[in-house]
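If you want the building blocks of each chain, they are given just below.
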Amino acid sequence: MDTVWTELCRRIGERLGESVAPRGTSRLAGGCIHNAARLETSAGTFFVKRNTAHCLEQFEAEAESLDIIADTATIRVPRPVLAAETGGEAFLVLEFIEFGSGGGDARRMGRELAELHALPQTDFGWTRDNFIGPTPQPNPPADDWPAFFREHRLRWMFGLLAKQGVRFRHGDALLDRLDRFFDDEPPQPSILHGDLWGGNAGYTADGTPVVFDPAAYRGHDEADLAMTELFGGFPSAFYEGYHAVRPKRPGYRRRRELYNLYHILNHALLFGGGYAGQAQSTIDRLARG
Ligand code: ADP
């Protein structure tokens, strides 16, 4: 067995307070960013993400988000065990979830996400800055949601894209007029998953919903809901379950496109091409509307 796994098991053992010996590993497919593996040990099975040492901060941020969401006992997430650097590489070790091959209880997934969103929070932001995919995501504490979303989500992405020489027409006009998207009741802070597309949600073999790979922060609940609609993958039962707990608000349809602009800009940053065009036409529509 590769010495790095032996060393990782030693670190897992330190965390768990028992001796942990490696029994075997297998590569898993499906991760967008990191290498994923299944690690069998004398203390059970773990899910491991592995990447170069500079990813340690991403893994620490993900572990903290998972812990905070797990502590809410609302929607299931994998429990983190350890984020560590070993042998010059970074590792994130999580509880292994046995995903089923069929579907699951989408209504329950919607309801449990709504229960997470329903927990009262005192401000926007998060315990730390984190990452949306590999992109840094600032999360300073804030009382004013429109200002938070304007400065730390859209203006931040515009700035990162400008450094790559990508600029958008009417971007500033949109930012200057953002308040008019919030002329009904003021948004309240909720704990968000933050990166809730269909690829970050699944079901165990018995149908229990699980979400994973969060970019969590305290924000407007509609931002999570909007992202579920951006790349699809969530059936109508999910929304029925969600809205049975948290009814839809009147301005959601207008804000949905605004919230998803953040993710489209991030895709433009990461993948360029068509996403920059999609971002520009979204900005044109939003700035006009
Ligand atoms: P990345 O950060 O590289 O995008 P993900 O967190 O999305 O990686 O995980 C990659 C894949 O591994 C997921 O699509 C899922 O199928 C699987 N997976 C994620 N977390 C676990 C877990 N705790 N247990 C088992 N499989 C998992």
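That block above? That's the structure.
Treat the numbers as computed from the prediction; the structure is a model and nothing was measured.

Let's talk about the environment of A223
- Looking at the secondary structure, you find A223 in helix 6 (residues 221–230).
- Separated by 62 residues in sequence, A223 and R285 have C-alpha atoms that sit 18 Å apart.
- If sequence neighbours within four positions are ignored, A223 has contacts with L192, Y217 and Y259.

A short note on unusual backbone geometry
- The residue A73 is not glycine, and still its phi comes out positive at about 50 degrees.
- Along the chain, A73 falls in the loop between helix 2 (56–72) and strand 4 (80–86).

Some points on helix 9 (residues 274–288)
- Here helix 9 contains 15 residues, and its C-alpha end-to-end distance of 21 Å stays within 8% of the 21 Å for a straight helix at 1.5 Å per residue.
- Residues A279, Q280, T282, I283, D284, L286 and A287 constitute the buried set of helix 9.
- Where helix 9 is buried, its residues touch helix 4 (145–163), helix 5 (171–176) and helix 8 (252–271).

Here's the deal with the nonpolar core
- Formed by 67 residues in total, the largest nonpolar core has its most connected members in L154, L174, L258 and L265.
- Taken together, domain 1 (3–95) and domain 2 (106–288) each give at least three residues to this core, which thus spans both.
- Setting aside residues up to four positions removed in sequence, L174 forms contacts with F181, L258, L261, I283, L286 and A287.
- Core analysis: the next-biggest nonpolar cluster, separate from the first, contains 15 residues, L8, V20, A37 and L82 among them.

Reading the values: rules and limits
Residues numbered from 1 in each chain as written. Predicted model: local features only at pLDDT ≥ 70, side-chain atom pairs only at ≥ 80, totals over all residues. Heavy atoms only, no water. Helix = DSSP H or I, 4+ residues; strand = E, 2+ residues; numbered from the N terminus. Contact = heavy atoms within 4.5 Å. Expected span 1.5 Å × (residues − 1). Buried < 20%, exposed > 50% of the residue type's maximum accessible area, 1.4 Å probe, protein only. Core = buried A, V, L, I, M, F, W, Y, C linked by side-chain atoms within 4.5 Å. Domains from an automatic or database assignment.

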